[in-house]
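# Inside the fold
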Amino acid sequence: MFITWLVKNDLISKQSRKEDVSEIELVKKNEMTGAQIYRRNWDGVLSSKELSDEADAFAREYLNIHNDIYTAVDFTNLLAADLPTIYHVEDSIDNYHKIEPIITKRYQDWMSRNKSNS
């Protein structure tokens, strides 16, 4: 769902926007999920080459392996709290709409911190 958020907020690299233009449009129209573009087009790897510089910096903090706020806190608490594991969360637009405001708030907070540090 993080990938969907990146696509819908135009935080994908120029290269990915060019190479994956039709799939990106499908994600924006809710006809394809971020997980699907992640698996089909990016071979299940989210790397710097798929992201804008700004998105890459945000993702490095938000998805940090040592302090993964997205999975350990936001995703788990909001979408997987009543499920056996996070892998039981349905990849759906409804679940995306539940987590989207939280990711957006984390991004806005990150932007505020980074602007004040500049």
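Computed from a predicted structure; not experimentally measured. (Residues numbered from 1 in each chain as written. Predicted model: local features only at pLDDT ≥ 70, side-chain atom pairs only at ≥ 80, totals over all residues. Heavy atoms only, no water.)

Right, let's talk about the pattern of salt bridges for a bit. This structure, assessed with the given rule, holds five salt bridges. For aspartate 74, the salt bridge goes to arginine 106, with nearest N and O atoms at 2.7 Å. In this pair, aspartate 74 sits in helix H6 (residues 69-79) while arginine 106 sits in helix H7 (residues 93-117), placing the two residues 32 residues apart along the sequence. The exposure class of aspartate 74 is buried, given its relative accessible area of 6%. (Salt bridge = Lys/Arg side-chain N within 4 Å of Asp/Glu carboxyl O. Helix = DSSP H or I, 4+ residues; strand = E, 2+ residues; numbered from the N terminus. Buried < 20%, exposed > 50% of the residue type's maximum accessible area, 1.4 Å probe, protein only.)

Ranked by size, the top nonpolar core spans 30 residues in total, and within it Met1, Phe2, Trp5, Leu6, Phe58, Tyr70 and Ile103 carry the most contacts. Looking at this core, the elements with two or more residues in it are helix H1 (2-8), helix H3 (21-28), helix H5 (53-62), H6 and H7. In this structure leucine 6 touches Leu11, Ile12, Leu51 and Ala55, once residues within four positions along its chain are discounted. (Core = buried A, V, L, I, M, F, W, Y, C linked by side-chain atoms within 4.5 Å. Contact = heavy atoms within 4.5 Å.)

Looking now at the packing of aromatic side chains. Tallied over the full model, the rule gives twelve aromatic pairs. Aromatic side chains phenylalanine 2 and phenylalanine 58 sit 6.1 Å apart centroid to centroid with 40° between the ring planes, which places their arrangement in the tilted category. Of the two residues, phenylalanine 2 is situated in helix H1 and phenylalanine 58 in helix H5; the sequence distance between them amounts to 56 residues. For phenylalanine 2, a relative accessible area of 4% corresponds to the buried category. A residue is classified by how much of its surface remains accessible, and phenylalanine 58, at 1% relative accessible area, is buried. Look at tyrosine 70 and phenylalanine 75: their rings are 5.7 Å apart centre to centre, the planes differ by 50°, and that puts the pair in the tilted class. Owing to a relative accessible area of 8%, tyrosine 70 belongs among the buried residues under this scheme. (Phe/Tyr/Trp six-rings, centres within 6.5 Å; stacked < 30°, edge-to-face > 60°.)

Turning next to the side chain of serine 16. Relative to the elements of secondary structure, serine 16 occurs in helix H2 (residues 14-19). Apart from the residues lying within four places of it in its own chain, the contact partners of serine 16 are Val21, Ile24, Trp42, Lys49 and Glu50.

So, on to the layout of surface pockets. Over the atoms, a rolling probe the size of a water molecule traces out where space has been left empty. Estimated volume of the largest pocket: approximately 760 Å³. Those elements that place two or more of their residues in the lining of the largest pocket are H1, helix H4 (34-40), H5 and H6. Top element by residues in the lining of the largest pocket is H4. It accounts for four residues. The residue makeup of the lining of the largest pocket, split by class, is 15 nonpolar, five polar and six charged. (1 Å grid on protein atoms, 1.4 Å probe; cavity = no way out; pocket = protein on both sides within 12 Å on 5 of 7 lines; lining within 4 Å. Points joined across faces, edges and corners; volume = space filled by probe spheres on them. Nonpolar A, V, L, I, M, F, W, Y, C, P; charged D, E, K, R; others polar.)

Moving on, we get to H5. Every α-helical turn comprises 3.6 residues, leaving residues that sit three or four positions apart pointing alike. Three or more residues of H5 are buried, namely Ala55, Asp56, Phe58, Ala59 and Tyr62. Down the axis, H5 shows its buried residues gathered within 165° of arc, on one side only. H5 presents Asp53 and Arg60 as exposed residues on the side facing more than 90 degrees away from its buried surface. (Arc of directions from axis to C-beta.)

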